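Overview (structure and organization)
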Amino acid sequence: MHQPLRMICNKDALATNWKWLAARAGVRCAAAVKADGYGLGAREVVSVLVAAGCRDFFVSTWWEAEQLGLLPVEASLAVLHGIGPDDLRSGDVPGCRPVLNTPDQVARWKQIAPERPCDVMIDTGMNRLGLRPEEGGVLAGLRIHTLHSHLACADEDHLLNGKQLRQFRAAAAAIPAERYSLANSAGILLGPDYAFDLVRPGLSLYGGIPRLEARGHIEAVVQLEAQVVQRRTIPAGESCGYGATFVAAQETQVAIANIGYADGYWRGFSSVGSARFDDAALPVLGRVSMDLVALDCGARPGLKEGDWISLDFELERAAEQSGKSQYELLTGLGHRFERHWH
Ligand SMILES: *Cc1c(COP(=O)(O)O)cnc(C)c1O
């Protein structure tokens, strides 16, 4: 069936971003592929990144691990949410480790697979997931593959960054593990002190810019294209769309395109977003609807029903326009896109 909405993902940009992050960190570089690869499609992301040299992948849940299917033998997968009371059988996914977060999870793992390697998350001040450092005693007897912690404020110059770094160094000195890992995308950009043995970027692989240091280095991976459903002329004085928030000051040429907030093209783009056709800018007029958006196409009189327009979705700018984070913009992209990898 024909889909009037396309997400075009650039393999080279994804691989280049991974390589740049790996070089910047100077250590082994993993990839967070949770939330279906931040909305791009985890299977395709993994296959591109394995080809680029990535060997370590992270998802949130066992369900996501199962959806991903078998990884190439040289790659490994870890489940960030660890092993909960309903996951006892899931722990059997071959080649897949839990990231244990609580004393209960540790006890559960010791019961089902004490001899198998696992990862552990230590909380160093975020107070989200992970064992508190003083609970580290429960880890005795485990085979810890990677000891992790996670930064709460790496996208800012925040006092907590240095504090978490000191806490993690102390935990790393006390808890034996094969590898230590602290940094997400933004953490990599904080500098080599934060790199340890392994870094775990997500957002920046997919084109996100969490800190200024990434500008000019991280490339856009995702491009959104939608088909024009109708072309119309709005007479001067008439409005367009819900709430009649756009009123034409003069006769205005409008293209109605097949994308809306149900696709993750949020209402925040109303009156401020834009699209491109044949290098011309087509500003969004009025409110974004669920499945449609109105674009001023005065600059392209030839634009017609069935033509494909490209949405301006440069993540930093789109986040500012829409009031969403770059994370929400990517993971919010809906299920109606036909995904193309080039
Ligand atoms: C999601 C996640 C990452 C990746 O973070 P980004 O900010 O997207 O780079 C790394 N580590 C953990 C524990 C995560 O949950």
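Relevant structure appears above.
A brief structural summary. Quantities reported herein were computed from a predicted structural model and do not represent experimental measurements.

What about the overall build of the protein chain?
Counting secondary structure elements, the protein chain contains 9 helices and 19 strands. Dimensions of the protein chain, computed from C-alpha atoms along their principal axes, come out at roughly 75 × 45 × 35 Å. Put simply, the protein chain has 342 residues, and 53% of those count as buried. Looking at the protein chain alone, contacts between residues at least 24 apart form 64% of all its contacts between residues at least 6 apart. Per element, the accessible surface of the protein chain, about 15400 Å² overall, is 50% carbon and sulfur. With 34 positive and 40 negative side-chain charges, the protein chain shows a separation of 2 Å between the mean positions of the two kinds.

Looking at the side chain of N101
Following the sequence through the fold, N101 ends up in the loop between strand 6 (96-100) and helix 5 (103-112). Excluding residues within four positions of it along the chain, N101 makes contact with L80, H81, G82, M121, L129, G130 and L131.

Here's the deal with the packing of helix 1 (residues 11-25) against helix 3 (residues 42-52)
In contact at an axis separation of 9 Å, helix 1 and helix 3 are set at 55 degrees when each is read in the N-to-C sense. Relative to helix 3, helix 1 is oriented oblique. Our pair here, helix 1 against helix 3, has a crossing hand that is right-handed. Here K11, L14, A15, W18 and K19 of helix 1 come into contact with helix 3, specifically with V45, V48, L49 and A52.

Details of the site of the ligand
Looking at the ligand, there are 14 residues lining it, with K34, Y38, S185, L203 and Y327 nearest. One of the side-chain nitrogen or oxygen atoms of K34 is found 2.6 Å away from an oxygen atom of the ligand. Contacts to the ligand include Y38, whose side-chain N or O atom sits 2.5 Å from an oxygen atom. In terms of residue class, the shell around the ligand is built from 7 nonpolar, 4 polar and 3 charged.

Some remarks on the pattern of salt bridges
The final tally for this structure, using the stated rule, is 13 salt bridges. Between D291 and R336 there is a salt bridge; the shortest N-O distance is 2.8 Å. Linking D291 in the loop between strand 16 (280-283) and strand 17 (293-296) with R336 in the loop between helix 9 (326-331) and strand 19 (338-341), this pair joins segments that are 45 residues apart in sequence. D291 sits in the partly exposed class, given a relative accessible area of 31%. For R336, a relative accessible area of 36% translates into the label partly exposed. Each member of the salt-bridge network shares a partner with another, and the members are R28, D56 and R179.

Conventions used here
- Residues numbered from 1 in each chain as written.
- Predicted model: local features only at pLDDT ≥ 70, side-chain atom pairs only at ≥ 80, totals over all residues.
- Heavy atoms only, no water.
- Helix = DSSP H or I, 4+ residues; strand = E, 2+ residues; numbered from the N terminus.
- Buried < 20%, exposed > 50% of the residue type's maximum accessible area, 1.4 Å probe, protein only.
- Contact = heavy atoms within 4.5 Å.
- Areas by Shrake-Rupley, 256 points an atom, 1.4 Å probe, with all protein chains shown as cover.
- Lys, Arg positive; Asp, Glu negative; His and termini not counted.
- Charge placed at Lys NZ, Arg CZ, Asp CG, Glu CD.
- Axes fitted to C-alpha atoms, helices over the stretch in contact; angles between N-to-C directions.
- Parallel < 35°, antiparallel > 145°, perpendicular 65-115°, else oblique.
- Left-handed = near helix turned anticlockwise from the far one by under 90°.
- Near = heavy atom within 4 Å.
- Polar contact = N/O pair within 3.5 Å; in protein donor to acceptor, adjacent residues only side chain to side chain.
- Nonpolar A, V, L, I, M, F, W, Y, C, P; charged D, E, K, R; others polar.
- Salt bridge = Lys/Arg side-chain N within 4 Å of Asp/Glu carboxyl O.

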